[in-house]
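Topology and contacts: notes
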Amino acid sequence: AQSVTQPDIHITVSEGASLELRCNYSYGATPYLFWYVQSPGQGLQLLLKYFSGDTLVQGIKGFEAEFKRSQSSFNLRKPSVHWSDAAEYFCAVGPPYSGGGADGLTFGKGTHLIIQP
Amino acid sequence: GAVVSQHPSRVICKSGTSVKIECRSLDFQATTMFWYRQFPKKSLMLMATSNEGSKATYEQGVEKDKFLINHASLTLSTLTVTSAHPEDSSFYICSARDSGRASYNEQFFGPGTRLTVL
């Protein structure tokens with residue numbers, strides 16, 4: 001069964017500093033990988049996704065993530081965080097489309113990002 | 001593009017009543033929609049997969065008779081929580097997969113519905 005591990009429950013970063021959120025996955029094949037951000041009481045916004053090709057993917061809001069197959073990782077990075085980046089971040093893994101059901105995403109437990117002034 | 005709406009955004013109901021939550025894809029067709037549940041400070045757990053015109057597929061441990069799912073059109077799926085109890089209080093989030101881009105299994109999420117059962 002697939003699983004996603006986000007080892008950091010909370011991360012505190014100073015505004016303007018760089019950020020890296022870790023994500024490791026367990027999956028039988030190469031999965032589709034996603035990073036979502038959730039503000040309190042809100043739904044999920046897609047930051048970026050990886051399906052295939054270039055292992056460094058660019059997303060919205062200045063985020064990027066790198067897929068490393070050998071490490072089963074898909075870490076999220078941002079060179080300089082802004083106070084508005086404070087939120088909950090979820091890494092998710094999903095199968096390629098199978099033509100039927102069982103295509104739901106498996107989410108990590110999330111990392112709560114706190115931005116210090 | 002790729003906007004998903006949910007209605008209502010918040011609902012408070014008495015124990016024993018039923019509540020219906022709607023999930024709509026506003027600018028694309030979605031053969032498949034998904035329902036997730038999120039507990040406070042917890043991750044999202046997939047409850048069921050909703051396929052237009054067929055029965056939903058439920059995840060292990062999810063009661064089919066309590067969480068009724070109907071996907072009657074390519075833009076609408078509904079989740080009905082029947083005979084709701086306080087333990088059903090949660091944040092319910094739906095997602096929809098664009099039928100035109102299904103091969104990427106990219107899902108677009110709604111804003112969520114906060115259900116509180118008194």
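Our subject in this report is the structure included herewith. In this text, all values refer to a predicted model and were calculated from it rather than measured experimentally.

1. Some details on the overall build of chain B
- Of the regular secondary structure elements, chain B holds 0 helices and 11 strands.
- Tracing chain B from N to C terminus, the helices and strands come up as β-β-β-β-β-β-β-β-β-β-β.
- In terms of C-alpha radius of gyration, chain B reaches 13 Å, essentially the compact-globule figure of 13 Å for 118 residues.
- Dimensions of chain B, computed from C-alpha atoms along their principal axes, come out at roughly 40 × 25 × 25 Å.
- Counting over 118 residues, chain B shows a buried share of 53%.
- Expressed as a percentage of contacts within chain B between residues at least 6 apart in sequence, the contacts between residues at least 24 apart total 55%.
- Counting only carbon and sulfur atoms, one obtains 52% of the accessible surface of chain B, whose full area is about 5700 Å².
- Across chain B, the centroid of the 13 positively charged side chains sits 6 Å from that of the 10 negatively charged ones.

2. What about the sheet that holds strand 8 (residues 76-81) of chain B?
Residue and element names in this part refer to chain B.
- Strand order in the open sheet formed by 4 strands is 1-3-8-7, with antiparallel pairing between adjacent strands. Sheet topology places strand 1 (4-7) and strand 7 (67-73) at the edges, where each strand pairs with a single neighbour. Each neighbouring strand pair of the sheet contributes to a mean axis angle of 15 degrees, computed without reference to strand direction.
- As defined by bridge partners, strand 3 (residues 19-25) adjoins strand 8 across 6 bridges and the pair is classed as antiparallel. Bridged to Cys23 within strand 8 is Ser77.

3. A short note on the pairing of strand 2 (residues 10-14) of chain A
Residues and elements named next belong to chain A.
- Burial along strand 2 is one-sided: Ile11 and Val13 are buried, and none of His10, Thr12 and Ser14, which face the opposite way, are.
- The pairing of strand 2 with strand 12 (residues 111-116) spans 5 bridges and is classified as parallel. Bridge assignment links Ser14 to a residue of strand 12, and that residue is Gln116.

4. Brief notes about the packing of aromatic side chains
- According to the stated counting rule, one finds 15 aromatic pairs over all chains in the structure shown.
- Aromatic pair A:Tyr36 and B:Phe109: ring centres 5.0 Å apart, planes at 75 degrees, arrangement edge-to-face. A residue pair is termed interchain when its members come from two chains, as with A:Tyr36 in strand 5 (residues 32-38) and B:Phe109 in strand 10 (residues 107-109). Each member of the pair, A:Tyr36 as well as B:Phe109, carries the same accessibility label: buried.
- Chaining the aromatic ring pairs together yields one cluster made of A:Tyr32, A:Phe34, A:Tyr36, A:Phe51, A:Phe90, A:Phe107, B:Tyr36 and B:Phe109.

5. Describing the environment of A:Phe63
Residue and element names in this part refer to chain A.
- Relative to the elements of secondary structure, Phe63 occurs in the loop between strand 7 (56-58) and strand 8 (64-68).
- Owing to a relative accessible area of 1%, Phe63 belongs among the buried residues under this scheme.
- Residues Phe63 and Leu76, 13 residues apart in the sequence, show an inter-C-alpha distance of 6.9 Å.
- Once you skip the residues sitting within four places of it in the chain, Phe63 turns out to touch Leu19, Leu47, Leu48, Val57, Gln58, Leu76, Arg77, Lys78, Asp85 and Tyr89.

6. Remarks on the interface of chain B and chain A
- Listed as interface residues are 20 residues of chain B and, on the opposing side, 24 residues of chain A.
- Between chain B and chain A, the buried area comes to about 1700 Å², and carbon and sulfur atoms account for 58% of it.
- Applying the counting rule to chain B against chain A returns 0 salt bridges.
- Across the chain B-chain A interface, the total number found is 5 residue pairs in polar contact (both at pLDDT 80 or more).
- Within the residue set of the side of chain B that touches chain A, elements represented by two or more residues are strand 4 (32-38), strand 5 (44-51), strand 9 (90-97) and strand 10 of chain B.

7. Some remarks on the side chain of A:Gln38
- Mapped onto the elements of the fold, A:Gln38 is located in strand 5.
- Engagement of the side chain of A:Gln38 in a polar contact is seen with the backbone oxygen of A:Gln42, the distance being 2.7 Å.
- A distance of 3.0 Å separates the side chain of A:Gln38 from the side chain of B:Gln38, its partner in a polar contact.
- Those residues in contact with A:Gln38 that sit more than four places away from it in its chain are A:Gly43, A:Leu44, A:Ala87, A:Glu88, A:Phe90, B:Gln38, B:Phe91 and B:Ile93.

The rules behind these values
Residues numbered from 1 in each chain as written. Chains lettered and ligands numbered in written order. Predicted model: local features only at pLDDT ≥ 70, side-chain atom pairs only at ≥ 80, totals over all residues. Heavy atoms only, no water. Helix = DSSP H or I, 4+ residues; strand = E, 2+ residues; numbered from the N terminus. Rg over C-alpha atoms; globule rule 2.2 N^0.38 Å. Buried < 20%, exposed > 50% of the residue type's maximum accessible area, 1.4 Å probe, protein only. Contact = heavy atoms within 4.5 Å. Areas by Shrake-Rupley, 256 points an atom, 1.4 Å probe, with all protein chains shown as cover. Lys, Arg positive; Asp, Glu negative; His and termini not counted. Charge placed at Lys NZ, Arg CZ, Asp CG, Glu CD. Pairing = 2+ DSSP bridges. Axes fitted to C-alpha atoms, helices over the stretch in contact; angles between N-to-C directions. Phe/Tyr/Trp six-rings, centres within 6.5 Å; stacked < 30°, edge-to-face > 60°. Buried area = accessible area lost by both parts, 1.4 Å probe. Salt bridge = Lys/Arg side-chain N within 4 Å of Asp/Glu carboxyl O. Polar contact = N/O pair within 3.5 Å; in protein donor to acceptor, adjacent residues only side chain to side chain.

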